[in-house]
Amino acid sequence: MKIGILDADLMDHGTRHPNLALMKISGYYKEQGHDVELIYRSYRDAYEYDEIYISKVFTFSDIPDWLVNLPNVHIGGTGFFPDGGPDLPYDIEHHKPDYDLYTKYVNEQIESGKSRTYFADYLDYSIGFTTRGCFRKCSFCVNKKYDHAFRHSKVEEFYDESKPYIYLWDDNILAYPHWEEVLDELEATGKPFQFRQGIDLRLMNDRKAYRFTHTRYHGDFIFAFDHLEDTEKIIEKVQLWKRYSSRVCKMYVISGYDSQDEKDIEGVFFRIATLMKYGSLPYIMRYEKYKESPYKGMYIELARWCNQPNFFKKKSFREFCIANQEYKKNQETNCAAYQTMIDFEEKFPEIARKYFDLRFDNENLYVRQYGYGRRYENKPLCSHCQKKGICWNNIFDEDPETEKKFLKLYYEKEIDLQCLTYGNSECNDKDVIADRLIQILLKYTLEEIVDIIISSENLENVSKDNIPQYSDLNDAFYEVNKILVDSEQELTFEELGYYLGKLHENMNDGLVAQKKYGENHAKLAVLLDLACISKTGNQSHIYSSVFGKRFYLLSDCEKKNLIKKLCLRIPIIQRVFKVGSAAQINEEIKILSPSTQNRRRSNVENVLRSIIEGEKALAFRIEYDCG
């Protein structure tokens, strides 16, 4: 039998996404021995086939009535049926997609001069559903067929190992109770993956955030902020997410759905402003009815501004529209963007005054993140810490149990003084809090702190990045701190290396050597909480931490006392004391390459030696001969 497959969306207006249902139908019938082909040149070609399967995703995709009404035509998809229509037969639904269905068409398009990148979804991805269904029942969403999320298929069902990536069409992966099993299967493939429908941020928790941010996720994490009534929940959850992720995430923002008037546009601006504040990029989704709005142009320009991150991150809405006008060759008339802006501002000056001049780079609370060497990427929710009684304001309680609790949290890196630098921090003066922490650290002995570390079941894991590498401990312990505080500015690795090099007569002063020297000693200083490293583009910047600025003011004797205790923040050192053996160093450095192990082993041993120097009781606990 000769079977024709017709993708109505592709035929009408072109689409960057292959139709999964059609690929499954093709794969099934090819396996049955039938001749299956994609119809893509002319609708009239349909007459050449015994059976024809047509699918469309979008209601606006046009297709001739005469074709749909042919007796040998089978139709499906949300473009024909609001709920997607009847399910495919089980054997077809769970058949591996035919990833060659579109190959001839795609090759012809590329040969004609079109970009291969445009067809990446056809060429580079394994595609499927691991789960189906969602309980939300959002009125604008077509996925209302099922009222809960359930397991649909194993990853192996649609996985093609020749494809470099995987994308999933799951409706709401976090609504599925056993979502971690899905992540386990995806990670087992070793391929980067992405959930294209987005992830329901409202269902996010610490475990989910940790797992997702520690996977090989492909592209942007995409969430949604569609309902104004979800504002408090979105603000709460995006802050939770930011604790684990340094990446800027995207948020779908529906527009033109509830209404198409100035109130809807104001609501869109409100959501944009909220997302700006919490370091997220809005992606404007225009509901079809926006075309009926007297402010159709505003919907178009808002989408143009927001959906191009390079513009959105650097320009306010007003600046974006002005830039469009300046780019226009004929300045005697206004471009569409500029005219749309001034017309709307004339009618609704209050909305314009409130939102037109907001800029992402000014509003973003997360413009400065924790950076390298800290357990988390950003501060936790203040309410989260308040509920647990672990916000920094509570450190002033002089009860010994409270002091030990904060020491434990500090060495676990569950709390971080850098959170006090965020614009939404609710704690008091950061210098006073840092001084109180230093007071507690000086009060407790090394052995007491080691006991606190040993008692913890929540220490940071040892990784390739947090195993020390350096040339001179004195530089990392003291000189980096002194240079950063004295300079009163951020430095690059090269600049720090240059200043450190001035302290050593025989040090190689080449730029590469300076950069590496500066980087290694800056990173060790960060592990000790004396500095911070942030990144802008490809350039790293080092600056003094909250703790480092107060450490600088101490006496030499106090600094020497504290340095030993700060070295206990290094994960591999913590493991040595936790296990009770210096030999644990050899086990932990196995994550490094053999050549690197030799260099890092001596580095770690020297840090350990600096801690237990003159501390025989401590040395005895880890079976270490300190001479």
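Residues numbered from 1 in each chain as written. Predicted model: local features only at pLDDT ≥ 70, side-chain atom pairs only at ≥ 80, totals over all residues. Heavy atoms only, no water.

## A closer look at the packing of aromatic side chains
For the coordinates displayed, the defined rule picks out 44 aromatic pairs. With a centroid separation of 6.2 Å and 25 degrees between ring planes, the pair formed by Tyr410 and Phe547 is classed as stacked. Here the residue Tyr410 occupies a position in helix α18 (residues 400–412), and Phe547 occupies one in helix α24 (residues 546–551), the gap between them amounting to 137 residues. Accessibility assignment for this pair places Tyr410 and Phe547 in one class, buried. (Phe/Tyr/Trp six-rings, centres within 6.5 Å; stacked < 30°, edge-to-face > 60°. Helix = DSSP H or I, 4+ residues; strand = E, 2+ residues; numbered from the N terminus. Buried < 20%, exposed > 50% of the residue type's maximum accessible area, 1.4 Å probe, protein only.)

## Thoughts on the pairing of strand β5 (residues 125–128)
The side-chain alternation of β5 yields two buried faces, one formed by Tyr125 and Ile127 and the other by Ser126 and Gly128. Bridge count between β5 and strand β8 (residues 165–168): 4 bridges; the pairing is parallel. Across the sheet, the residue bridging to Gly128 is Leu168, located in β8. (Pairing = 2+ DSSP bridges.)

## Concerning a positive patch on the surface
Judged by side-chain charge, Lys515, Lys516, Lys535 and Arg599 come together as a positively charged surface patch. Note that Lys516 resides in helix α23 (residues 511–527). For Lys516, a relative accessible area of 41% corresponds to the partly exposed category. (Patch = residues over 30% accessible without salt bridge, like charges linked within 9 Å, V, L, I, M, F, W, Y side chains within 5 Å. Areas by Shrake-Rupley, 256 points an atom, 1.4 Å probe, with all protein chains shown as cover. Salt bridge = Lys/Arg side-chain N within 4 Å of Asp/Glu carboxyl O. Lys, Arg positive; Asp, Glu negative; His and termini not counted. Charge placed at Lys NZ, Arg CZ, Asp CG, Glu CD.)

## Things to note about the sheet that holds strand β1 (residues 2–7)
Pairing is parallel across the open sheet formed by 4 strands, whose spatial order is β2-β1-β3-β4. Every interior strand has two partners, whereas the edge strands, β2 (35–38) and β4 (73–76), have only one. Strand-to-strand twist in this sheet, taken as the mean axis angle between neighbours without regard to direction, amounts to 20 degrees. (Axes fitted to C-alpha atoms, helices over the stretch in contact; angles between N-to-C directions.)

## What about a nonpolar patch on the surface?
Together, Val57, Phe58 and Phe60 line one region of the surface with nonpolar side chains, adding up to about 260 Å² of accessible area. As for its placement among the helices and strands, Phe60 is situated in the loop between β3 (51–55) and α3 (65–68). Residue Phe60 is classed as partly exposed on the basis of its relative accessible area, which comes to 46%.

## Focus: the environment of Lys616
Mapped onto the elements, Lys616 comes out in helix α29 (residues 616–621). Residue Lys616 is classed as exposed on the basis of its relative accessible area, which comes to 70%. Distance in space between the C-alpha atoms of Lys616 and Cys321 is 70 Å, their sequence separation being 295 residues.

## Observations concerning the pairing of strand β12 (residues 280–286)
Of the pairings in the sheet, the one linking strand β11 (residues 249–255) to β12 comprises 7 bridges and is parallel in character. The partner of Lys250 across the bridge, within β12, is Leu281. Handedness of the crossover joining β11 and β12 through helix α10 (residues 262–277): right-handed. (Right-handed = clockwise from strand over helix to strand, strands pointing away.)

## Here's the deal with the side chain of Ser126
Tracing the sequence through the fold places Ser126 in strand β5. Looking at Ser126, its side chain comes within polar contact range of the main-chain nitrogen of Asp160, at 2.9 Å. Not counting chain neighbours up to four residues away, the residues in contact with Ser126 comprise Tyr99, Phe158, Tyr159, Asp160, Lys163, Tyr165, Ile166 and Tyr167. (Polar contact = N/O pair within 3.5 Å; in protein donor to acceptor, adjacent residues only side chain to side chain. Contact = heavy atoms within 4.5 Å.)

## What about unusual backbone geometry?
Of note, Lys413 is a non-glycine position whose phi angle comes to about 65 degrees, a positive value. With respect to the helices and strands, the residue Lys413 is situated in the loop between α18 and α19 (430–443). Residues other than glycine seldom take positive phi values, yet Glu488 does so here, at roughly 55 degrees. Looking at the secondary structure, you find Glu488 in the loop between α21 (473–487) and α22 (493–501). Taking the relative accessible area as the measure of exposure, Glu488 reaches 73% and is therefore exposed.

## Things to note about the nonpolar core
Core analysis: the largest hydrophobic core is formed by 191 residues, its most contacted members being Phe195, Phe212, Trp392 and Phe547. If you tally residues by element for this core, the top one is α10, at 7 residues. Ignoring anything within four residues of it in the chain, the contact list for Trp392 reads Phe406, Tyr410, Ile415, Asp416, Leu417, Cys419, Leu420, Cys427, Ile433 and Leu437. (Core = buried A, V, L, I, M, F, W, Y, C linked by side-chain atoms within 4.5 Å.)

## Looking at the sheet that holds β11
If you trace the 3 strands from one edge of the open sheet to the other, you get β10-β11-β12, paired in parallel fashion. Looking at strand neighbours, the two that pair on one side only are β10 (222–224) and β12, the edges of this open sheet. Neighbouring strand axes in the sheet, compared pairwise and without regard to direction, differ in orientation by 35 degrees on average. Taken strand by strand, α10 contacts β11 and β12, and its axis lies near 170 degrees from that of β11. Contacts between helix α11 (residues 296–306) and the sheet are confined to β11 and β12, with β12 contributing the most and set at about 145 degrees to the helix.

## Details of the environment of Val579
Within the fold, Val579 resides in helix α26 (residues 571–579). Each C-alpha atom of the pair Val579 and Arg621 lies 9.8 Å from the other, and the pair is 42 residues apart in sequence.

## Concerning a negative patch on the surface
A surface patch of like charges, here negative, comprises Asp397, Glu398, Asp399 and Glu401. Structurally, the position occupied by Glu401 is in helix α18.

## Let's talk about α18
Its 13 residues give α18 an end-to-end C-alpha distance of 18 Å, which sits within 8% of 18 Å, the value for a rise of 1.5 Å per residue. Burial in α18 covers these residues: Thr402, Glu403, Phe406, Leu407, Leu409, Tyr410, Tyr411 and Glu412. Those residues of α18 hidden inside the fold are in contact with α19, α20 (446–455), α24, α25 (556–566) and α26. The positive-phi residue at the C-terminal boundary of α18 is Lys413, with phi of around 65 degrees. (Expected span 1.5 Å × (residues − 1).)

## Quick word on the packing of α22 against α23
Look at α22 against α23: their axes get within 7 Å of each other, and the N-to-C directions meet at 90 degrees. The orientation of α22 with respect to α23, classified from their angle, is roughly perpendicular. On α23, the residues that touch Phe493, Glu494, Leu496, Gly497, Tyr498 and Leu500 of α22 are Leu511, Gln514, Lys515, Tyr517, Gly518, Glu519, His521 and Ala522. For the contact of α22 with α23, the per-class residue count stands at 7 nonpolar, 4 polar and 3 charged. (Parallel < 35°, antiparallel > 145°, perpendicular 65-115°, else oblique. Nonpolar A, V, L, I, M, F, W, Y, C, P; charged D, E, K, R; others polar.)

## Focus: α11
Within α11 the residues assigned to the buried category are Met298, Tyr299, Glu301, Leu302, Ala303, Trp305 and Cys306. On the buried face of α11, the contacting elements are β11, α10, β12, α12 (309–312), α13 (317–327) and α14 (336–347).

## What to know about the pattern of salt bridges
Tallied over the full model, the rule gives 41 salt bridges. The partner of Arg41 in a salt bridge is Glu108, with the nearest N and O atoms 2.4 Å apart. Highlighted residues: Arg41 in the loop between β2 and β3 and Glu108 in helix α5 (residues 103–111), separated in sequence by 67 residues. Overall, Glu108 belongs to the partly exposed group, its relative accessible area being 27%. For Glu403, the salt bridge is made with Lys443, and the minimal N-O distance between the two is 3.0 Å. Taken together, the residues Glu403 in helix α18 and Lys443 in helix α19 connect sequence positions 40 residues apart.

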